[in-house]
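Commentary on secondary and tertiary structure
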Amino acid sequence: MHTASILNNVIGPVMPGSSSSHTAGPYHIAKICRSLLGALPEEISFTFEPESSIAAVYREQGSDLALIMGILDLPLTDVRFKQIEALYPSFGVKIDFNVEHFEEAAHPNSIKIKARMKDGVTFSAVADSTGGGSLLFRYLNDWPVELTGDAYHIALEAESEKSFDLIKYVSAFGNPAAQTDGERTFFVVSTPFPPAGEKLDEIKKMQGVLSLFTARPVFYSLRGEQLFASGAEMVTYAEENGLTLGQAALKYEAKLLGMPEEALNEEMDRRLQVMIDAVALGLSEKSPTMFLLQNKARGIMQAEKDGKLALGGIHTRAAARAMAAMEVNSGQGIVCAAPTGGSAGVVPGIVVTMLEDLKIKREDVVRSLWAAGAVGWVLATRGTFAAEVCGCQVEIGAAGAMGAAAVVEVAGGSAQQAADAGAIMFQNAMGLVCDLVQSIVEIPCHTRNGSFASQAFICADMILGGYYNAVGIDDTVDAVYASGQMLPLELRCTSLGGMAVTPSALNIPRIR
């Protein structure tokens, strides 16, 4: 288990589609590399392991574009994203992408980075995009590290005979982790607060220092402590303090990040607006073009309005809105991953339905997003959001569970009921494979987003109506994670099994 933040790891990031693992995660990795380097390198290469998930989909899902944006230190939401492959040579950097074996690969989204600066200094790193935009640097210049992007990271390499003299200076920033090969010693310090630049400059000039790297966080720094460490503790905390699940989640985030609740609500409201905008764009005539599918969300919504469907109603409208957000995601428009790009339609479909059909107050919908984040947080701490590791159950399945908790929250349910609604939604998604057609986040992702947005309301109603959930959120998430790891590689975001290998799927012509 590890410490997770709702804004860092669950509701977000805000990004261009289509995949948080393959778009936002690589961007964050490259952005940290740029920070460590301190300037734009003269040349840099990104290498993917053959048969890995990212090697299979990096062009289709924009990993290459995201890596370029990150190393150029441009915002991920910059309007130049789609054109950056043609534009980057004007920045004066040579960028290569390779697919070849490297021994340090340990994750379906491992990336090896090699760079050379204008003065000839070289740099290497190995990092994993671990799901939902999160990351883990595992090597820096061949030294083992654990850098996660939610702190200021300082790495110092020095001659071992001088390391004793240097450690007191390094310790001023925090408790350093040290390792040595006899001749060299490597220190790593992670701190939630920005280190003083003049002190770093002073250390860099000291005798025996071989290299000094610093990296700014790409997420909110973790400056406080957790209020709880499991789903059960989360519910107990809420009950003992007379809080809903959403209120408890907000207090958890305020304590962990050291930020006022008002500022956190403002940021969550901003992400809500991104969801609203994505649904609106997807339902408009300006919805971006996708790779494989024709845009149909707007037509489904109109057919429901005209009474042409078998049933229609709030569930269908939620589904259509979810599909609308996914059309924007597939067209590489701006979405809020919740918790991933591949599931970026479910929660928007639900919250826009709350606002427009149920007439829920906006501040209450913001609170419902904290409840959604709380259920996603359980998976973030105990498992993963990466379909490359555990299949679609931890992406669209997780989004459905989060959405069910959000519905319970605005319906006036208790923290236990919100957690239970999330649990039964997870249980219904268990074993769901990731078999995206032609390595593109469209088929079957769009209909799954739509159907899970609808199912979230049903699961919430079953719990609110008295259904007893016998397997709690923690055990359910543990079972989801364990069963996901049992899935064969072919069914975990490699497009090597399931629907992806059917003749029909392979023969679908691309629109763009």
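Parameters and conventions
Residues numbered from 1 in each chain as written. Predicted model: local features only at pLDDT ≥ 70, side-chain atom pairs only at ≥ 80, totals over all residues. Heavy atoms only, no water. Pairing = 2+ DSSP bridges. Helix = DSSP H or I, 4+ residues; strand = E, 2+ residues; numbered from the N terminus. Axes fitted to C-alpha atoms, helices over the stretch in contact; angles between N-to-C directions. Contact = heavy atoms within 4.5 Å. Expected span 1.5 Å × (residues − 1). Polar contact = N/O pair within 3.5 Å; in protein donor to acceptor, adjacent residues only side chain to side chain. Buried < 20%, exposed > 50% of the residue type's maximum accessible area, 1.4 Å probe, protein only. Phe/Tyr/Trp six-rings, centres within 6.5 Å; stacked < 30°, edge-to-face > 60°. Lys NZ or Arg CZ within 6 Å of the ring centre and 35° of its normal. Salt bridge = Lys/Arg side-chain N within 4 Å of Asp/Glu carboxyl O.

**A few points about the pairing of strand S9 (residues 177-180)**
Within a regular beta strand, the side chains point alternately toward one face of the sheet and then the other, so they alternate between its two faces. Note: S9 against strand S10 (residues 184-191), 4 bridges, orientation antiparallel. When the sheet's bridge partners are listed, alanine 178 is paired in S10 with phenylalanine 187. If you look at the hairpin formed by S9 and S10, you'll find 3 residues sitting between the two strands, and glycine 182 has a positive phi there, around 100°.

**Regarding the sheet that holds strand S3 (residues 94-99)**
Ordered in space as S3-S2-S4-S5-S6-S7, the 6 strands form an open sheet in which the pairing is mixed. In this open sheet, the two edge strands, each paired with only one partner strand, are S3 and strand S7 (143-147). Neighbour to neighbour, the strand axes of the sheet diverge by 20° on average, direction disregarded. Pairing analysis gives 7 bridges linking strand S4 (residues 110-116) to strand S5 (residues 122-131), with the strands arranged antiparallel. Counterpart to alanine 115 in the pairing with S5 is phenylalanine 123. Its contacts with the sheet put helix H2 (residues 20-37) on strand S2 (43-48), S4, S5 and strand S6 (134-140), and the angle it makes with S5 is roughly 150°. This element, helix H4 (residues 63-71), spans S2, S3 and S4 of the sheet and lies at about 145° to S3.

**What to know about H2**
The end-to-end C-alpha separation of H2 is 24 Å, in line with the 26 Å expected for 18 residues at 1.5 Å each. Where H2 starts, the residue carrying a side-chain oxygen 3.3 Å from the main-chain nitrogen of serine 21 turns out to be serine 19. Remark: glycine 38 follows H2 within two positions and exhibits a positive phi of approximately 85°.

**Regarding the side chain of glutamate 104**
Counting through the fold element by element, glutamate 104 comes out in the loop between S3 and S4. Overall, glutamate 104 belongs to the buried group, its relative accessible area being 19%. Among the polar contacts made by the side chain of glutamate 104, one reaches the side chain of lysine 112 at a distance of 3.1 Å.

**So, the packing of aromatic side chains**
Within the structure shown, the criterion is met by 9 aromatic pairs. Taken together, Phe46, Phe48, Tyr58 and Phe97 form an aromatic cluster joined through their ring pairs. Above the face of the phenylalanine 291 ring, arginine 512 is positioned so that its terminal group lies 3.9 Å from the ring centre.

**Quick look at the pattern of salt bridges**
Across all of its chains, the model carries 26 salt bridges by this definition. Lysine 94 is paired through a salt bridge with aspartate 96; the nearest N and O atoms lie 2.6 Å apart. With its nearest N and O atoms 3.1 Å apart, the salt bridge here joins glutamate 104 to lysine 112. A network of salt bridges, in which partner residues are shared, links Glu304, Arg317, Arg321, Glu356 and Asp357.

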